[in-house]
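An overview of the molecular structure
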Amino acid sequence: MQVDEAEFFNRLLDYRNILYLCHRNADPDAVSSAFALSEALGGTVGLVDGCNRVASVLIERLGIEIVDKPDPANYGFVVVVDTSTKAQLNDIELTTYCVIDHHTTTALTENAEFYLHRNTTSTVEIVYDILKAMGAPINRRMGIGMLTGIVTDTGHFKHASVDTFRTVAKIIEASGVEYGEVLDLMAATPQDISMRIAILKAASRVELDRVGDMLIASSHVSSFGGSASSMLINIGADVAFVGTTKGESVRVSARAKRDAVNAGVNLGQLMEDISNEYNGTGGGHSGAAGIDIIANMEEVLHKCREMTKKILENSLGTTAKEISEDEVEINENE
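Read on for an overview of the structure. (Residues numbered from 1 in each chain as written. Predicted model: local features only at pLDDT ≥ 70, side-chain atom pairs only at ≥ 80, totals over all residues. Heavy atoms only, no water.)

1. Some thoughts on the nonpolar core
One finds Phe8, Leu12, Val79, Ile100, Leu131 and Met146 to be the most contacted residues of the largest nonpolar core, which totals 52 residues. Excluding its chain neighbours within four sequence positions, the residues that come into contact with isoleucine 100 are Phe8, Val79, Val80, Val81, Asp82, Leu116, Thr123, Ile126, Val127 and Ile130. Counting residues in hydrophobic clusters, the runner-up holds 25 residues, among them Val239, Ile274, Ile291 and Val300. (Core = buried A, V, L, I, M, F, W, Y, C linked by side-chain atoms within 4.5 Å. Buried < 20%, exposed > 50% of the residue type's maximum accessible area, 1.4 Å probe, protein only. Contact = heavy atoms within 4.5 Å.)

Set out below in structure tokens:
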């Protein structure tokens, strides 16, 4: 059952020993949302399977106490934070739980006791509204975490809305945190040599399709698919798909520029549709999403490109074409 912010807070008051559970490779949006709720309501922040580099720095800087790979059965209630599919929780067995999430599609709500879902640019924005409904203060630690969550989930405000900026201003005002403090924290995040290698390999293996002036890129690496797909967007692609494998499982990380989203590309829906064909899990945002399925990676990446091409062809009224090495050489010589 969908509830509003005030009802979400009131229902949580009925439970004790609450676990705020973050998805695998948790990002700052998940960690800071869980932390803010735990500060306001009490409870434990749990990481189902580690966190990313920025979230790790955030946890260390703010002194957030976390539990790695917690067993939900050991808690009175579980709040699943910033998570849209069970696969993102490594398919662990959930007991009694609720969901708070902002992704375009959220499959976990079906068996939840209750849930709070909003199409915001980050889960932190929903958490802020819960804290506001509670009348709970936002201390400096909470403020730094929440601002970091918003900045990272919006791609440094590239996907921010008017409401995003309003919430940021209110968090700054309530917590006394300066925006520069958040930038300093993020700048201190060390660069992983393995990630840099993966990104360069993804660039060297890229396949391109063109629809009008839009470029669709796909590639594959052994790890850091999300970072690699974001990199392909940063260096010129309008839509990017990067596949990674683990045994028989294939994970595809997808990213899209705002112009592609405005042209009709909704990666969250696209990933959900493709995952359903393979009985897998998938979803996310319109500009950032992913799938986890059992399939042939080349086949899946081809399907991602083909479905995206059809969307853009219908929107732009032009036919897609694959970019050959000869065309690249001709363009370089012009």
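Structure shown, so let's carry the discussion forward.
2. So, the environment of asparagine 17
Topologically, asparagine 17 is positioned in the loop between helix 1 (5–12) and strand 1 (18–22). The contacts of asparagine 17, once residues within four sequence positions are left out, are Asn74, Tyr75, Gly76 and Phe77. One polar contact links the side chain of asparagine 17 to the main-chain carbonyl oxygen of asparagine 74, over a distance of 3.1 Å. (Helix = DSSP H or I, 4+ residues; strand = E, 2+ residues; numbered from the N terminus. Polar contact = N/O pair within 3.5 Å; in protein donor to acceptor, adjacent residues only side chain to side chain.)

3. Side note on the pattern of salt bridges
This model, assessed by the stated rule, comprises 13 salt bridges. For the salt bridge of arginine 11 with glutamate 7, the shortest nitrogen-to-oxygen distance reads 3.1 Å. You can see arginine 11 and its partner glutamate 7 sitting in helix 1, four residues apart, about one turn around the helix. On the basis of relative accessibility, which here comes to 24%, the residue arginine 11 falls in the partly exposed class. Across the pair aspartate 292 and arginine 24 runs a salt bridge, and its minimum N-O distance is 2.9 Å. Here the residue aspartate 292 occupies a position in strand 12 (residues 288–294), and arginine 24 occupies one in the loop between strand 1 and helix 2 (28–41), the gap between them amounting to 268 residues. Arginine 24 matches aspartate 292 in its accessibility class, with the two residues each being buried. (Salt bridge = Lys/Arg side-chain N within 4 Å of Asp/Glu carboxyl O.)

4. Quick notes on helix 5 (residues 140–153)
With 14 residues, helix 5 extends 20 Å between its outermost C-alpha atoms, agreeing within 8% with the 20 Å of an ideal straight helix rising 1.5 Å per residue. Burial of helix 5 is extensive: eleven of the 14 residues sit out of reach of the surface. In this structure, the buried residues of helix 5 make contact with helix 2, helix 3 (53–62), helix 4 (123–134), helix 6 (162–175) and helix 7 (179–187). Looking at where helix 5 begins, the residue whose side-chain oxygen comes 3.2 Å from the main-chain nitrogen of arginine 141 is asparagine 139. Two residues or fewer after helix 5 comes glycine 155, characterised by a positive phi angle close to 60 degrees. (Expected span 1.5 Å × (residues − 1).)

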